Amino acid sequence: MNKKIIFLFFQPLDKYNYKRWGFETFLNQGWDVECWLFFGKFYSIFNKKEVFYQKRENFYNFKSTFECLKRLKKLPKNFYFIDAWDGSLKSNIIQRLMILKGGKKIFVYTGLFPGLKNRTINLLLKNKISFKLFTWFFMQVIKVIYNKMNNVIFCPKPHYLFVSGNVSIKDAGNTSKNVKVINTHSFDYEEYSNLKNEPLKEEFKNSIVYIDQNLEGNYEFLLNNSKYAASKDLHWKSLNSFFDAMSKKLNKKVLIAAHHRRDKNVKIDTNCEVYYSQTPNLIKNSSLVLVHNSVALSYAILFKKPMIFITTDEIKKFSIEIDFSIKKFSEILNAKLININNFESLDKYNFFNFDEEAYNRWKEDYIKSSESKVQYLWEDFIKIVEKEKFK
């Protein structure tokens, strides 16, 4: 087996995910690395973006399926590929062709969150029935049926399956015996491990950190054919008002951990300090974390920081799923939930308490189980593969 690996992405690759997916680790270990980007109908939008990898060798941005198949034809007989595509019928067929060519598929089934299974039924049962909700429910059922058929019939099973936490380990129990299951940890845990012994930073110390999700402009909504969960002006007006109240009440500054997909050249309308590429560090040094339903809440759990889940009237109106996730996560973690457009006096809240047992359960279930012996996600995987001896 050649030391060649191909990363398959359907979203633009930023430096944040370049690091998390271990590109440099493979390169430093002498692997031949390729990256295939396939934006489909969004090619014209994302191809114009200034991205750091545009002139890098072996990074391919395919305009069409034909271009992708041309590159596939030139591959050696044996290689590995990591599936981070969109799970569409087209992508599944291409992956089957890659396997026929001699490729071995790797799927990273880590960083799961609770409550996302059966969410369609839960949302219908927990919300007041309306025409909008019923229409959404009907479309979700159609989508679930289509995705199920697509996954069962066309999606190829992986040769290697990464799992993290008891929930994904349990799910992996239903996989074929031909699949090698690797009990590892989430990407966030890897970053936490690298950071936990670092000294505290005075400039971030004892702050309130808001985990930004760019709900008014994140291109993930575009990729999922969804409406933005908030409007730019009203969203930040609501947030700034809440930040001012929190800062005054607790006598602490509010720092914003900007989302990695947010355009740094577009200024956020806020008086708070905004930091890019510093989310784990900001949370480590904070005294309190404000969050919607961001995956970055894992850092608050690992660093044992109290969290306040926040929603808005706009989120409740424009994104049923995000609002549901916020409620679900706050319930499981026994954390406070505040609608920042409609709340009573902040005097009634004790912001610095958190349920440590709930945090530990979340870590075991979704971040890293106590049974996992993996220390470094990608380094340990390379050792496993290389022990199998390349043929």
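Relevant structure appears above.
Everything quoted here is computed from the prediction, not taken from an experiment.

(A) Main features of the pattern of salt bridges. Going through the model one piece at a time under the given rule, you end up with 14 salt bridges. Between Asp32 and Lys4 there is a salt bridge, with the nearest N and O atoms lying 2.9 Å from each other. Here Lys4 lies in strand β1 (residues 4–9) and Asp32 lies in strand β2 (residues 32–38), a separation of 28 residues in the sequence. Judged by relative accessible area, which is 33%, Asp32 ranks as partly exposed. Across the pair Lys304 and Glu356 runs a salt bridge, and its minimum N-O distance is 3.2 Å. In this pair, Lys304 is assigned in the loop between α13 (297–302) and β12 (307–311) and Glu356 in helix α16 (residues 356–367), connecting sequence segments 52 residues apart.

(B) Representation of the nonpolar core within the structure. Of all hydrophobic cores here, the largest spans 49 residues; its most connected members are Phe7, Trp21, Phe23, Trp36, Met98 and Trp378. Counting 36 residues, the second-largest nonpolar core is a separate cluster that includes Ala296, Ala300, Trp362 and Tyr366.

(C) Looking closely at a nonpolar patch on the surface. There is a patch of nonpolar side chains on the surface, built from Leu69, Leu89, Ile93, Leu97, Leu100, Ile145, Met149, Val152, Ile153 and Phe154 and spanning about 900 Å² of accessible area. Secondary structure elements with two or more residues in the nonpolar patch: α5 (89–101) and α7 (131–153). With respect to the element layout, Leu97 can be found in helix α5.

(D) Spotlight on the sheet that holds strand β11 (residues 286–291). One open sheet holds the six strands; their spatial order is β10-β9-β8-β11-β12-β13, and the pairing between them is parallel. Since the sheet does not close on itself, it has two edges, and those belong to β10 (273–275) and β13 (336–339), each with one partner. On average, each strand axis in the sheet is tilted by 30 degrees relative to the strand beside it, whichever way the strands run. Inspection of the sheet shows strand β8 (residues 207–211) paired to β11 by four bridges, in the parallel sense. Each residue of the ladder has a partner; that of Ser207, found in β11, is Ser286. Contacts from helix α11 (residues 232–250) reach β8, β9 (254–257), β11, β12 and β13 within the one sheet, and its direction differs from that of β8 by about 160 degrees.

(E) Spatial organisation of the sheet that holds strand β6 (residues 160–163). Read across the open sheet, the seven strands follow the order β3-β2-β1-β4-β5-β6-β7; overall the sheet is parallel. This sheet does not close on itself; its edge strands, each paired only once, are β3 (59–62) and β7 (180–183). Strand-to-strand, the axes of this sheet are offset by a mean angle of 20 degrees, without reference to chain direction. Alignment of strand β4 (residues 79–84) against strand β5 (residues 103–109), held across four bridges, turns out to be parallel. Counterpart to Phe81 in the pairing with β5 is Lys105.

(F) Representation of the state of the cysteines in the model. Tallying each qualifying case throughout the model produces zero disulfides. Considering cysteine sulfurs only, Cys68 is the nearest to Cys35, which forms no disulfide, with 12 Å between them. You can call Cys35 buried: its relative accessible area is 0%. Its sulfur unpaired, Cys155 is 15 Å from the next cysteine sulfur, which belongs to Cys68. Cys155 gets classed as buried once you look at its relative accessible area, which sits at 19%.

Rules used in this analysis
Numbering of residues starts from 1 in every chain and runs along the sequence as written. Whole-chain, interface and lining totals are the exception, using all residues; otherwise, since this is a predicted model, local features are given only for residues with pLDDT of at least 70 and side-chain atom pairs are given and counted only at 80 or more. As a rule here, side-chain values come from all non-hydrogen atoms in the structure, and water together with hydrogens is ignored. For salt bridges, the criterion is a side-chain nitrogen of Lys or Arg within 4 Å of an Asp or Glu carboxyl oxygen. Numbering of helices and strands runs from the N terminus, with a helix taken as a DSSP run of H or I at least four residues long and a strand as a DSSP run of E at least two residues long. The rule is simple: take the accessible area with a 1.4 Å probe, protein chains only, and divide by the maximum for that residue type; under 20% is buried, over 50% is exposed, in between is partly exposed. As used in this record, nonpolar core signifies buried Ala, Val, Leu, Ile, Met, Phe, Trp, Tyr and Cys residues forming a set joined through side-chain atoms within 4.5 Å. Patch definition: residues above 30% relative accessible area lacking any salt bridge, with like charges linked at up to 9 Å and the nonpolar side chains Val, Leu, Ile, Met, Phe, Trp and Tyr linked at up to 5 Å. For the accessible areas, the method is Shrake-Rupley and the probe is 1.4 Å, while residue cover comes only from the protein chains on display. Note on pairing: DSSP must find at least two bridges between two strands before they are called paired. What counts as an axis is a line fitted to C-alpha atoms, over the stretch in contact for a helix, and the angles between N-to-C directions run from 0 to 180 degrees. Contact criterion: two residues are considered in contact whenever any of their non-hydrogen atoms come within 4.5 Å of each other. We call a pair of cysteine sulfur atoms a disulfide whenever their separation is within 2.5 Å.

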